[in-house]
Amino acid sequence: MAERESRIKKTLLNARVNFIYYFITLILSFFSRKVFLDCLGADFVGLTGTLQNLLGFLNLAELGVGSAIGYLLYKPLYDHDQDKINEIISVMGYLYRIIGLVILVAGCILACFLPLIYPNTDFGMGIIVFAYFTFLASTLIGYFINYRQNLLGADQRNYVVTAYFQTATVVKTILQMVSAYYTGSYYLWMVIELVFGIGYSFILNWKIDQTYPWLKAEVKLGKKLFKKYPEVMQKTKQLFIHQISGFVQFQTTPFLTYAFVSLKIVAYYGNYTLLVDKIIQLMNTFLSSINASVGNLIAEGNKQKIMDVFYEICSLRYLYASFITFVIYLFLEPFITVWLGGEYLLGHVVLVLLCLKMYVQVVADKTYAFIYGYGLFADVWAAIVQSAIFLVVAILGGYYYGLSGIIVASIISYFVIQSLWKPYYLFKKGFLESLLPYVTYSIGMNVINIITILLPTYIMRQLFPINNSSFSSIVVSFIFTMAVYLIITIILYLSLSKSSRRLLHRLASSISVRHKKNKNKNAKLNINV
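Residues numbered from 1 in each chain as written. Predicted model: local features only at pLDDT ≥ 70, side-chain atom pairs only at ≥ 80, totals over all residues. Heavy atoms only, no water.

Colleague: Looking at this model, I keep getting lost on the pattern of salt bridges. Mind explaining?
Modeller: When the charged atoms of two side chains lie near each other, side chains of opposite charge can form a pair. Taken as a whole, this structure holds 6 salt bridges when the rule is applied. Across the pair Lys-172 and Glu-193 runs a salt bridge whose closest N-O atoms are separated by 3.3 Å. Note that Lys-172 is positioned in helix α8 (residues 158-182) and Glu-193 in helix α9 (residues 186-211), a separation of 21 residues in sequence. Lys-303 serves as the salt-bridge partner of Glu-433, at 3.3 Å between the closest nitrogen and oxygen. Residue Glu-433 is found in the loop between α18 (403-431) and α19 (436-463), and its partner Lys-303 is found in helix α14 (residues 303-339); the two are separated by 130 residues along the sequence. Glu-433 gets classed as partly exposed once you look at its relative accessible area, which sits at 38%. Salt bridges sharing partners connect three or more residues here, namely Asp-308, Glu-312 and Arg-502. (Salt bridge = Lys/Arg side-chain N within 4 Å of Asp/Glu carboxyl O. Helix = DSSP H or I, 4+ residues; strand = E, 2+ residues; numbered from the N terminus. Buried < 20%, exposed > 50% of the residue type's maximum accessible area, 1.4 Å probe, protein only.)

Colleague: Explanation requested: the packing of aromatic side chains in the structure shown.
Modeller: To describe a pair of aromatic rings, one takes the distance between the centres and the angle between the planes. Counted under the stated rule, the structure contains 30 aromatic pairs. Relative to Trp-339, the ring of Phe-335 has its centre 5.9 Å away and its plane inclined at 50 degrees; by these criteria the two rings are tilted. With Phe-335 and Trp-339 both in helix α14, this residue pair falls 4 residues apart, about one helical turn. With a relative accessible area of 18%, Phe-335 lands in the buried category. Residue class for Trp-339 comes out buried when judged on its relative accessible area of 7%. Ring geometry for Tyr-372 versus Phe-377: centroids 5.0 Å apart, planes at 65 degrees, classification edge-to-face. Phe-377 sits in the buried class, given a relative accessible area of 2%. Three or more aromatic residues joined by ring pairs make a cluster, and in this case those are Phe-310, Tyr-311, Tyr-318, Phe-370, Tyr-374, Phe-427, Phe-431, Tyr-438 and Tyr-441. (Phe/Tyr/Trp six-rings, centres within 6.5 Å; stacked < 30°, edge-to-face > 60°.)

Colleague: What exactly am I supposed to notice about a nonpolar patch on the surface here?
Modeller: Together, Phe-260, Val-261, Leu-391, Val-392, Ile-395, Leu-396, Tyr-399, Tyr-400 and Tyr-401 line one region of the surface with nonpolar side chains, adding up to about 960 Å² of accessible area. Counting residues per element, the nonpolar patch draws most heavily on helix α17 (residues 380-401), which supplies 7 residues. When you line up the elements, Val-392 lands in helix α17. (Patch = residues over 30% accessible without salt bridge, like charges linked within 9 Å, V, L, I, M, F, W, Y side chains within 5 Å. Areas by Shrake-Rupley, 256 points an atom, 1.4 Å probe, with all protein chains shown as cover.)

Colleague: Which parts of the structure should I look at to understand the side chain of Ser-499?
Modeller: If you trace the backbone, Ser-499 turns up in helix α21 (residues 498-528). Ser-499 gets classed as buried once you look at its relative accessible area, which sits at 4%. Of the polar contacts made by the side chain of Ser-499, one reaches the side chain of Ser-315; its length is 2.3 Å. For Ser-499, the side chain forms a polar contact with the side chain of Ser-497, separated by 3.3 Å. Residues within four places of Ser-499 in sequence aside, it is in contact with Tyr-311, Glu-312, Ser-315 and Tyr-441. (Polar contact = N/O pair within 3.5 Å; in protein donor to acceptor, adjacent residues only side chain to side chain. Contact = heavy atoms within 4.5 Å.)

Colleague: What's the story with the nonpolar core in this structure? I'm lost.
Modeller: If you look at soluble globular proteins, the nonpolar side chains tend to sit buried side by side. By size, the foremost hydrophobic cluster in this structure holds 153 residues, and its most contacted members are Tyr-132 and Phe-370. Per-element tally for this core: the top contributor is α14, with 22 residues. The contact partners of Phe-370, leaving out residues within four places of it in the chain, are Val-294, Ile-298, Ile-306, Val-309, Phe-310, Ile-313, Leu-426 and Phe-431. Listed in part, the 7 residues of the second largest apolar core include Phe-247, Val-248, Leu-256 and Ile-406. (Core = buried A, V, L, I, M, F, W, Y, C linked by side-chain atoms within 4.5 Å.)

Colleague: Is there a simple way to explain the environment of Leu-194 in this structure?
Modeller: Assignment of secondary structure puts Leu-194 in helix α9. When the C-alpha atoms of Leu-194 and Thr-139 are compared, they prove to be 9.9 Å apart, with 55 residues separating the residues in sequence. When neighbours within four sequence positions are excluded, Leu-194 is seen to be in contact with Thr-134, Ala-137 and Ser-138.

Colleague: What's the story with the environment of Gln-166 in this structure? I'm lost.
Modeller: By secondary structure assignment, the location of Gln-166 is in helix α8. Residues Gln-166 and Met-233 lie 67 residues apart in sequence; the distance between their C-alpha atoms is 32 Å.

Colleague: Can you walk me through the packing of α14 against helix α15 (residues 348-364) in this structure?
Modeller: For any two helices packed against each other, the geometry comes down to the angle between their axes and how far apart the axes lie. Two numbers describe how α14 lies on α15: the axes approach to 9 Å, and their chain directions differ by 165 degrees. Taken together, the axis directions place α14 and α15 in an arrangement best described as roughly antiparallel. Note on packing geometry: the crossing formed by α14 with α15 is right-handed. Note on element contacts: α15 touches α14 through His-348, Leu-351, Val-352, Leu-354, Cys-355, Met-358, Tyr-359, Val-362 and Val-363, opposite Arg-317, Tyr-318, Tyr-320, Ala-321, Ser-322, Ile-324, Thr-325, Ile-328, Tyr-329, Leu-332 and Glu-333. By residue class, the composition of the contact of α14 with α15 is 15 nonpolar, 3 polar and 2 charged. (Axes fitted to C-alpha atoms, helices over the stretch in contact; angles between N-to-C directions. Parallel < 35°, antiparallel > 145°, perpendicular 65-115°, else oblique. Left-handed = near helix turned anticlockwise from the far one by under 90°. Nonpolar A, V, L, I, M, F, W, Y, C, P; charged D, E, K, R; others polar.)

The quantities given are spatial measurements derived from coordinates; they are silent on function.
Dropping the structure here:
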């Protein structure tokens, strides 16, 4: 019972910290994007975006070591085995040192090809090279200095990383906005980027030393212990293939858009994905805090608890998929019109496809925490097939239909593997249960979501058409719209979904227990006084 309460407590703490910083960064990102576009230009924003995606190629050298180590840490953390934790983190330090050196060498080689990658831009090669090495240096910090932060994530203490990282990001972004507004200097913008990356790493490691004073990770020791943990390389090799698939699907989209459309459309589409990603991040601020708890739950081994939590997380995913689709479809274009101007709109077809893409992605990711919790990475063929589907459809679709064709490629590849194959694989190899109840459940939840999206949309368009003349009018429309949406959605979910009712009861019970503890604590303090 104590383990369960601790797990819930850490989950709620992670969620609370994530939510606070989510809204801070959400508001800030809208202002910063506007300032950067106005003061530095759409081409510079597009350049930094493509450079960061380019460096994503180099990050493939990570091979999935971080995820493999996280999986191996769940059990010793549950057993409070400090010696084994020290050994595993030492192995991680050794592997990350090698990966960092590989990325450094590969990055220097790749830099020689920058003139070929950016042959027709308005920027001099000096600014492109400077920006490239700024982002490369920021990447290398994670491998040489920040590798121990993975322990915080596996130990359900990701709120520490979030607090320090997001605080540094907020201060950094404000300074970059000021520098862009008053100087318009590309170089100063990038210097600020690098300085804060270095400062954050030192502060984070100081905090890790405080949280785990017994942690004595040594790179030299990791080299000696490497052969003691063969599962690290086994899981790493499998995860490497999966990471390639994820990279192909998400990191190459800006390059394909640049190749088949233009650098400016990369920036315009970036405006759309910025808003969409922020809305998705709202859900991930809570669900990311659950991932380590799922690993801890699996380490405990209670089968009924595992299945109950799985369907409760599924309910959350379906609820959020409905919410994000509804909000994006009705408010994305009006918001961009007021925020940046009507000339930044990409058309209704792109909007519809983006909504479908996000729905598929949010729903499909419900298996993610459990796949990682069980260490189910052996289906490397699935990752290869997903990449192949995406590339073939994206190249053909991009050539004939531009951006719309590329988005369709993402939808198809993600649906085939993540929505169809992954649940089957999880139930067969992880849960060891029949898939049929899950299939029935999924069909029912999708039907519910169709109603929760279409019915409020129809009602709002008939009674309260969205006024996009100003931010205030959009806010008013949003309030009325969400009232209608929530009434319909809450009624349907609580009346038709058993897992949703169970989830609500679990959260209410946890809050009640915590309230009673705080009340008793206050009562004891009053007695002592």
